Protein chains: 2
Amino acid sequence: MKKPTLDTLAAQVGVSRQTISNVLNKPEKVSPQTRQRVLAAIEAAGYRPSNAARALRTQRTHTLAMRLSNAGDGINGAVMDGFLHALVTAAGLRGYRITLFTAADDSAELDIIREFRDSKAIDGVILTDTHAGDQRPNAIHDLRLPVVAFGRPWDREGEHDWVDVDGAAGVAQATRRLLDDGHTPVGFIGWPDDTGVGADRYAGWARATGYSADQQRRYSTRQLDSPVAGGEAMAKLLDEGVTAVVCASDSLAIGAFGRLRDKGVAGHVVGFDDTPVARMIGLSSLRQPVHEVAKHVVETLLGRISDPEGEPRHILLPPTLQARTVASTS
Amino acid sequence: MKKPTLDTLAAQVGVSRQTISNVLNKPEKVSPQTRQRVLAAIEAAGYRPSNAARALRTQRTHTLAMRLSNAGDGINGAVMDGFLHALVTAAGLRGYRITLFTAADDSAELDIIREFRDSKAIDGVILTDTHAGDQRPNAIHDLRLPVVAFGRPWDREGEHDWVDVDGAAGVAQATRRLLDDGHTPVGFIGWPDDTGVGADRYAGWARATGYSADQQRRYSTRQLDSPVAGGEAMAKLLDEGVTAVVCASDSLAIGAFGRLRDKGVAGHVVGFDDTPVARMIGLSSLRQPVHEVAKHVVETLLGRISDPEGEPRHILLPPTLQARTVASTS
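A few points on the structure. (Residues numbered from 1 in each chain as written. Chains lettered and ligands numbered in written order. Predicted model: local features only at pLDDT ≥ 70, side-chain atom pairs only at ≥ 80, totals over all residues. Heavy atoms only, no water.)

1. Topic: the sheet that holds strand β4 (residues 147-150) of chain A
Here is step 1 of the chain: Read from one edge of the open sheet, twelve strands run β11(A)-β5(A)-β4(A)-β3(A)-β1(A)-β2(A)-β2(B)-β1(B)-β3(B)-β4(B)-β5(B)-β11(B), paired in mixed fashion. Here the strands that pair on one side only, and so sit at the sheet edges, are β11 (314-317) of chain A together with β11 (314-317) of chain B. Pairs of neighbouring strands in the sheet enclose a mean axial angle of 20 degrees, with direction left out of account.
Here is step 2 of the chain: Where helix α5 (residues 77-93) of chain A meets the sheet, its contacts fall on β1 (63-67), β2 (97-101), β3 (124-127) and β4 of chain A together with β2 (97-101) of chain B, and the angle it forms with β2(A) comes to roughly 145 degrees. (Pairing = 2+ DSSP bridges. Helix = DSSP H or I, 4+ residues; strand = E, 2+ residues; numbered from the N terminus. Axes fitted to C-alpha atoms, helices over the stretch in contact; angles between N-to-C directions. Contact = heavy atoms within 4.5 Å.)

2. Some remarks on the side chain of B:Thr221
Residues and elements named next belong to chain B.
Here is step 1 of the chain: By the element assignment, Thr 221 lies in strand β7 (residues 220-222).
Here is step 2 of the chain: Among the residues examined, Thr 221 registers a relative accessible area of 6% and is labelled buried.
Here is step 3 of the chain: Setting aside anything within four residues of it in sequence, one finds Thr 221 in contact with Phe 188, Ile 189, Gly 190, Ala 233 and Leu 237. (Buried < 20%, exposed > 50% of the residue type's maximum accessible area, 1.4 Å probe, protein only.)

3. Some points on the sheet that holds strand β12 (residues 320-322) of chain A
Residues and elements named next belong to chain A.
Here is step 1 of the chain: Read from one edge of the open sheet, six strands run β7-β6-β8-β9-β10-β12, paired in mixed fashion. Edge strands, defined here as strands with exactly one partner in the open sheet, are β7 (220-222) and β12. Within the sheet, the average angular offset between the axes of one strand and its neighbour, ignoring direction, is 15 degrees.
Here is step 2 of the chain: Two elements, strand β10 (residues 284-287) and β12, share three bridges in a ladder whose sense is antiparallel. Bridging from a neighbouring strand, Ser 285 pairs with Gln 322 of β12.
Here is step 3 of the chain: Against the sheet, helix α9 (residues 196-209) engages β6 (186-190), β7 and β9 (268-272), with an angle of about 175 degrees to β6.
Here is step 4 of the chain: Along the sheet face, helix α11 (residues 227-239) touches β6, β7 and β8 (244-247) and points at about 150 degrees away from the line of β6.

4. Observations regarding the packing of aromatic side chains
Residue and element names in this part refer to chain A.
Here is step 1 of the chain: Tallied over the full model, the rule gives 14 aromatic pairs over all chains.
Here is step 2 of the chain: Between Tyr 211 and Tyr 219, the ring centres sit 5.4 Å apart and the planes meet at 70 degrees, which makes this aromatic pair edge-to-face.
Here is step 3 of the chain: For Tyr 219, a relative accessible area of 9% gives the class buried.
Here is step 4 of the chain: Put simply, the rings of Phe 188, Tyr 202, Trp 205, Tyr 211 and Tyr 219 touch in pairs and so form one group of aromatic residues.
Here is step 5 of the chain: Directly above the aromatic system of Tyr 202 lies the positively charged group of Arg 222, at a separation of 3.7 Å from the ring centroid. (Phe/Tyr/Trp six-rings, centres within 6.5 Å; stacked < 30°, edge-to-face > 60°. Lys NZ or Arg CZ within 6 Å of the ring centre and 35° of its normal.)

5. A few points about helix α1 (residues 6-13) of chain B
Residue and element names in this part refer to chain B.
Here is step 1 of the chain: Burial in α1 covers these residues: Leu 6, Leu 9, Ala 10 and Val 13. The buried residues of α1 occupy an angular sector of 100 degrees when the element is viewed end-on, so they sit on one face. Opposite its buried face, α1 presents the exposed residues Ala 11 and Gln 12, each directed more than 90 degrees away.
Here is step 2 of the chain: Looking one or two residues beyond α1, the residue adopting positive phi is Gly 14, at roughly 80 degrees. (Arc of directions from axis to C-beta.)

Treat this as a map of the structure, not an account of what it does.
Here is the structure:
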C-alpha cells in the first residue's frame, strides 16, 4: 500500500487538505465532528504524523528533562547513576524519554529549563539534589512547567510534588539493629546540619538511641564527606569507647571501617547507599530504593502533566538495611 | 512590545499568514526571495518558533539518542556512567541534548531507533557495547540516520564512524611496566576470545611479553568476568610462579589482588577501567579517557550529520596507566 499522504487522506474523508492540516495544527478551527472523522481516517490509514507535527498538535513531546548531577567521586554518585537507569526504564514503560543536560549551578539549570519551555521541547522537569533555600521548584512552577523532585524541600513542606527516601527511618533502623546486637554505645558519623539530608539522618540516630544531649555530643561527629574524614571521626569516637557506628554515607563508613581494622578493634560499621565499594568490601549499608523512587517520580510527574491543578503529592520511601557480617571487624 | 504573532508578522512583511506558515513548514513552496524576507522579519521581530516548528523547518531536533546499557554490577558499569556524564557535557557545549532509552537487546534497540526516525525525533544515534556480528551500524545506516559507535566493529574495519579505546596498547604498556620493574613472568587474566575486547587486551599482553605459545598458555587464563573468577585465575597462575599480572578488568583484578593478599604473596596486580573500587583499595589500573572519547563521539557525529557522504572516521585513543604502589602486596 502506498504511504498515505495529506492528499489521499483528504480525498478519502471528503475534506480539503487545509482541513486536515487544521485538525493537526489548529484543532480549534475545526468542528468536533469533522475532527473525529479526520482523526479516525488518519488512524485507519496508518498515517504517521512526525513527532514534530504531533508535538504541535498535542502540545506534548513525551520528553522529560533532568539535569545530570556531577559524577562526584564515584562512590556517592553511584546512587544517582542507579536512579538514572531506573528512571529511563520507568519512563520508557510509559512511552516517555529522558533528555539530559548539565549545568554549572541552579541558576544555569533554570536558564536551560526556560529555554526548553520557550521552545516547547519538554513536557516536564525532574529535579534532584534539592537543598534548603532551593529556588528551583517555584521558578519552574512560574514557568507553568510540571515538575517533580527526587528530594524534599528541606526548609518547608513544599507546594510542589516530591518523592524522597526516609533517611531518618533508615538510620534509626540500623541503629536499633546495632543496639539489639548488644553494641553500646552506638555512635553516628554524619554531615553538618546545614545539609537537610545530614540533619535528617542525624535525627534518626538521636531518636533510636534516646541519648541525652551530652551523650549525643560525645557519640557523634559531623563533618564533610570523605573516607579520610570518616577515619578521623572513628578515631575520635574510639576515644569515647564507641566501636559500633552508623554513618551518613558509604564514603564515611569505608574510612571508619578502615580505622577499626587498622587499630585491630572489634566493632561494626553501617554505611548509607549500598554502593559497589561497600558491597565489595562486605560493608553493611542502607540501600535507597531507587527503582521505587523512579517509578513514583514518573507516575507523579505524568499525573501532574494531566492534572496541573491537583493537590501536591509527597511520597517518602524507607531504605532497606543490607546487613553483611563480613564487615564486622570482630 | 506585544509578542509577535503570525498575523503581525504577515502584516509587516506584506504576505499572507499562509506564506509565513509555508516558510516554516513547506519552504519548497515559497520563492527564495520571499523566504529570506520572511525569515529576516521573523528574526528581527524576535519571533521564536517553537522547537517543534523549528524541527519541521530545519529537519533538525538537536537531539542525539543513546541506549542506556544495563547498570551491571556497579564495577564495570562505572566506565559507561563516566562516559555518559562526559557525553552529556560534550553535547551540551554544542547545543545538543542526549535522549536516553533502554532496550532488552539489539533488536529492541533498533525498533526504538526506527520509531525515533519515523517520528523525526532525533538527528543521530550513538551506539555502545559493540560486538562481533553487530547488525546495528548497517541497520541504522539503512535508516539513513547518522550513527557513531563508542567501540569498534570487531569482525571488520567497518564502514561507519567509530571511536574506541586501544585496550591492547594499554595492556602492553602496563605489562612492559611490570617487566621493567623486574617482575617475571608477568601473567595475564582476561576474557575468552569470543569477545573482541577480550582478544584485543590479550594481544597487548602477548605482544609486550614476547612469550612463546607454550608460555602464553601457562601464564594466562581466560574466563568470565568476576572477582571470584579473578581469584581462581590468580591461584592457577601462582602455581606457575606468576606473582605479577595485568587483568582485563578491575573485577578480575580485585579478585586476583585478594588472592595474593590472602596467600601472603608479594606481587603486583594491574586492573582495567580505574573504577572507584580500584581507587579505593589502591589498585593500579588502566584508565579509559572517557572525556576524550565523548568529545570525539560528539564531533564525529555532528560531522556526519553535516556531511552524510564523507569518508568514515575511525579514532583509537590510548588508555593511561594509573600506577598505585599501595596495591602491591609486597
